[in-house]
Amino acid sequence: MEKERLVWIDVLNIVACAGVLLLHCTNGQVHGFSGTPSFDWYIGLATHSFFLWPVDVFFMISGFTLVRNALLTNDNNSGGG
């Protein structure tokens, strides 16, 4: 197996990064709840909930990258061809 860059992983990582940034942008509305729901709080809560998926995607990309690198390293070190 030859080590080459996977563009779709890079694109998914960029999209997930943008999602995490948007997730952090909604922290003020969600965590600054005053006790009375407002329109801004509902919008912040909806967008905050929608942008929780990038955290999971980062974990999956990290695991995929670690496993792939380990497999490629073991394949190259085995001397088999």
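Before going into details, it helps to say that this report is about the structure given with it.

Details of the overall build of the protein
Broken down by element type, the protein carries four helices and zero strands. Its helices and strands taken in sequence order, the protein reads α-α-α-α from the N to the C terminus. In terms of C-alpha radius of gyration, the protein reaches 19 Å, well past the compact-globule figure of 12 Å for 81 residues. Its C-alpha atoms give the protein principal-axis dimensions of about 65 × 20 × 15 Å.

Remarks on the environment of G19
Positionally, G19 belongs in helix α1 (residues 7–25). For the pair G19 and D56, spaced 37 residues apart in the sequence, the C-alpha separation amounts to 11 Å. Those residues in contact with G19 that lie beyond four places of it in its chain are F51 and P54.

Focus on the packing of aromatic side chains
Throughout the structure, instances matching the rule amount to three aromatic pairs. Seen from their ring centres, W8 and F64 are 5.9 Å apart, and the 55° between their planes marks the pair as tilted. In this pair, W8 sits in helix α1 while F64 sits in helix α4 (residues 53–77), placing the two residues 56 residues apart along the sequence. Overall, the relative accessible area of 52% leaves W8 in the exposed class.

Considering the side chain of H48
Looking at the secondary structure, you find H48 in helix α3 (residues 39–50). A distance of 2.9 Å separates the side chain of H48 from the side chain of T26, its partner in a polar contact. Each residue touching H48, except ones within four places of it in the same chain, is listed here: L23, T26, N27, V30 and H31.

Rules behind the numbers
Sequence order sets the numbering: in each chain, residues are counted from 1 along the sequence as written. Only residues with pLDDT of at least 70 are given local features in this predicted model, and only at 80 or more are side-chain atom pairs given and counted; all residues enter the totals for whole chains, interfaces and linings. To obtain the side-chain values, all non-hydrogen atoms of the structure were used and water was disregarded. For helices the rule is a DSSP run of H or I covering at least 4 residues; for strands it is a run of E covering at least 2, with both sets numbered from the N terminus onward. Put simply, the radius of gyration uses C-alpha atoms, and a globule should come to 2.2 Å times the residue count raised to 0.38. Residues count as neighbours in contact if any of their non-hydrogen atoms are within 4.5 Å of one another. Pairing of aromatic rings covers Phe, Tyr and Trp, the last counted by its six-membered ring, and requires centre-to-centre distances within 6.5 Å; plane angles under 30 degrees mean stacked, over 60 mean edge-to-face, and any other angle means tilted. Remark: exposure states derive from per-residue accessible area (1.4 Å probe, protein chains only) relative to the maximum for the residue type, with buried under 20%, exposed over 50%, and partly exposed in between. For the purposes of these results, a polar contact is taken to be a pair of N or O atoms within 3.5 Å, where, inside protein, one atom must be able to donate a hydrogen and its partner to accept one; residues adjacent in sequence count only when each atom of the pair is a side-chain atom.

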